[in-house]
Structure formats: structure tokens, C-alpha cells
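# Chain and residue survey
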Amino acid sequence: MADGAPPEEDFNAIPIADRLAHKNWKARVHAYEALVKTFQTTASDSDPAFKPYINHPDTLKKIALDANAVAQEKGLECLVALVKFAGENAARTREAVMPALVEKCFGSSRAGTKAQALELSLQYVEVENGAAGVVDSILPGLGAKQPKTVAGCVAAIKEIVKQVSFPCALA
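Note that this is a predicted model, so its numbers are computed, not measured.

Among the nonpolar cores identified, the biggest contains 45 residues, and Leu101, Phe106, Leu120 and Ile138 are the most heavily contacted of them. With nine residues, helix α5 (residues 69-86) is the single largest residue contributor to this core.

Another aspect to go through is the packing of aromatic side chains. Under the counting rule described, the total for this entry stands at two aromatic pairs. Between Phe39 and Tyr53, the ring centres sit 5.8 Å apart and the planes meet at 80°, which makes this aromatic pair edge-to-face. You can see Phe39 sitting in helix α2 (residues 25-40) and its partner Tyr53 sitting in helix α3 (residues 51-54), a full 14 residues away along the chain. A relative accessible area of 1% means that Phe39 is categorised as buried. Assessed through its relative accessible area of 12%, Tyr53 is described here as buried. Taken together, the ring pairs connect Phe39, Phe50 and Tyr53 into an aromatic cluster.

Moving on, we get to the side chain of Arg19. Secondary-structure assignment places Arg19 in helix α1 (residues 16-20). Under the relative-accessibility criterion, Arg19 is labelled buried at 7%. At 2.8 Å, the side chain of Arg19 forms a polar contact with the backbone oxygen of Ile14. The residues contacting Arg19, other than those within four sequence positions of it, are Phe11, Asn12, Ile14, Ala27, Arg28, His30, Ala31 and Ala34.

Attention now goes to unusual backbone geometry. For Asn129, which is not a glycine, the phi torsion comes out positive at approximately 55°. Note on placement: Asn129 falls in the loop between α7 (111-128) and α8 (132-138). Look at Asn129 and you get exposed, because its relative accessible area is 62%.

This part covers the packing of α2 against α5. It is at 9 Å that the axes of α2 and α5 come closest, and there the two elements cross at 20°. Compared by their axis directions, α2 and α5 come out roughly parallel. Both α2 and α5 take part in a crossing whose hand is left-handed. Contact residues: α2 offers Trp25, Arg28, Val29, Tyr32, Glu33, Leu35, Val36, Phe39 and Gln40, while α5 offers Val70, Ala71, Lys74, Gly75, Glu77, Cys78, Ala81, Leu82 and Phe85.

Scanning all chains against the criterion turns up six salt bridges. With a closest N to O distance of 2.8 Å, Asp66 and Arg28 form a salt bridge. Highlighted residues: Asp66 in the loop between α4 (57-64) and α5 and Arg28 in helix α2, separated in sequence by 38 residues. For the pair formed by Asp66 and Arg28, the shared burial category is buried. Between Arg110 and Glu73 there is a salt bridge, and its shortest N-O distance comes to 2.8 Å. Taken as a pair, Arg110 in the loop between α6 (94-105) and α7 and Glu73 in helix α5 lie far apart in primary sequence, 37 residues in all. For Glu73, a relative accessible area of 21% translates into the label partly exposed. By sharing partners, the salt bridges in this structure join Glu33, Lys74 and Glu77 into a single network.

Criteria and thresholds
All residue numbers refer to position in the chain's written sequence, counted from 1. In keeping with the model being predicted, local features are shown solely for residues with a pLDDT of at least 70 and side-chain atom pairs are shown and tallied solely at 80 or more, while totals for entire chains, interfaces and linings include all residues. As a rule here, side-chain values cover all heavy atoms of the structure and leave hydrogens and water aside. The criterion is simple. A nonpolar core is a set of buried Ala, Val, Leu, Ile, Met, Phe, Trp, Tyr and Cys residues joined through side-chain atoms within 4.5 Å. Only protein chains enter the area calculation, which uses a 1.4 Å probe; residues under 20% of their type maximum are buried, those over 50% are exposed, and those in between are partly exposed. Where helices and strands are cited, they refer to DSSP runs of H or I of at least four residues and of E of at least two residues respectively, numbered from the N terminus. Between rings of Phe, Tyr and Trp, where Trp is taken as its six-membered ring, a pair exists when centres lie within 6.5 Å; planes separated by under 30 degrees are stacked, by over 60 edge-to-face, and by other angles tilted. Counting of polar contacts relies on pairs of N or O atoms within 3.5 Å, with two restrictions inside protein: one atom must be capable of donating a hydrogen and the other of accepting it, and residues adjacent in sequence are counted only when both atoms are side-chain atoms. What makes two residues a contact is simply this: any of their non-hydrogen atoms within 4.5 Å. All axes here are fitted lines through C-alpha atoms, helices being fitted over the stretch that makes contact, and every angle between N-to-C directions spans 0 to 180 degrees. Note on terminology: angles under 35 degrees are roughly parallel, angles over 145 are roughly antiparallel, angles of 65 to 115 are roughly perpendicular, and the others are oblique. Working rule for handedness: look at the near helix, and if it is turned counterclockwise from the far one by less than a right angle, call the crossing left-handed; if clockwise, right-handed. Salt bridge, as used here: a side-chain nitrogen of Lys or Arg that lies within 4 Å of a carboxyl oxygen of Asp or Glu.

Here is the structure:
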């Protein structure tokens, strides 16, 4: 302790479910990173690793609404991995997650958060094999009081339309 800083807490001993709800944002980031690794190493889109999250979309909504900006960005990265690797099974989580993206992510001042929110939206378009549901979830954001939220929603819809119009761009 030559520099006077307290030692970093080891979050590995805490179960992921507890880390997701932890008051320390670093614990939540640690959980999000662990989940990304777990999702990336799943054998199939029906892997049991997805079940606790797909069956509890409110947990996913809380991840998207994380109060800490750094944790929120990592959380969105985690959600992108979930939807990407869980495939069509993750489509039913869209109704809980997309309003959170509209509320707090598309208008974020952090470019990484906006990029992850857009990527998550595009993943939902892909797993739903269509953009109608995702666009319907974004449309209420066009009436938001914050201009940056409206602008973020417009940009997201524009990118979705571009991807749907030119599906070869996804390859």
C-alpha cells in the first residue's frame, strides 16, 4: 500500500446474479464482461446459459438503464452478445429492452453507448427477420423532450432502413 489506494475488491467470488445487482459499478462491469465471454462460448442458440436472461427481460432492461455511463456501455455490449448468440430466442426480449434504449441510450453523450444501442437494435432486426417491431419500439422516441434523444432515434431508424434495404451490407 505504498500509493495509499485501497486494494481492488475481487468480484470473482460473487455470483453473477449478485454482481448484476451490485451497488458498485465495477462489480456490474465485471459481471457484464463475464457474461459476454459466456455468451461467446455457447455451443448453440438454445444453450442453457441464455435462459435466465431471456426468461427475465426486466433484468436486461436494468442493464440497459445502468446509472453509471461506463457500466451502461459495457452492459449494452453484453446485451448485444446475448441477442447475437441466443438468436431468435432473444427476440422476445425486445419489448422490454428497446424502450430503455430509446429512453437512455440513443440520446447518450457517449458515442460508444449510442453505437452499442444501434448495434443492439440491428441485432434485434436480424433475429426477428424484420424491422417492423424494432422501428415501432423506436417511434415513441421521436416525441421525446430531449432533442438529442429524437436525433438518436432518427439516426437509428435511418441505419435500420439502410440495413434492411441493403442486406448485403450486413455480410
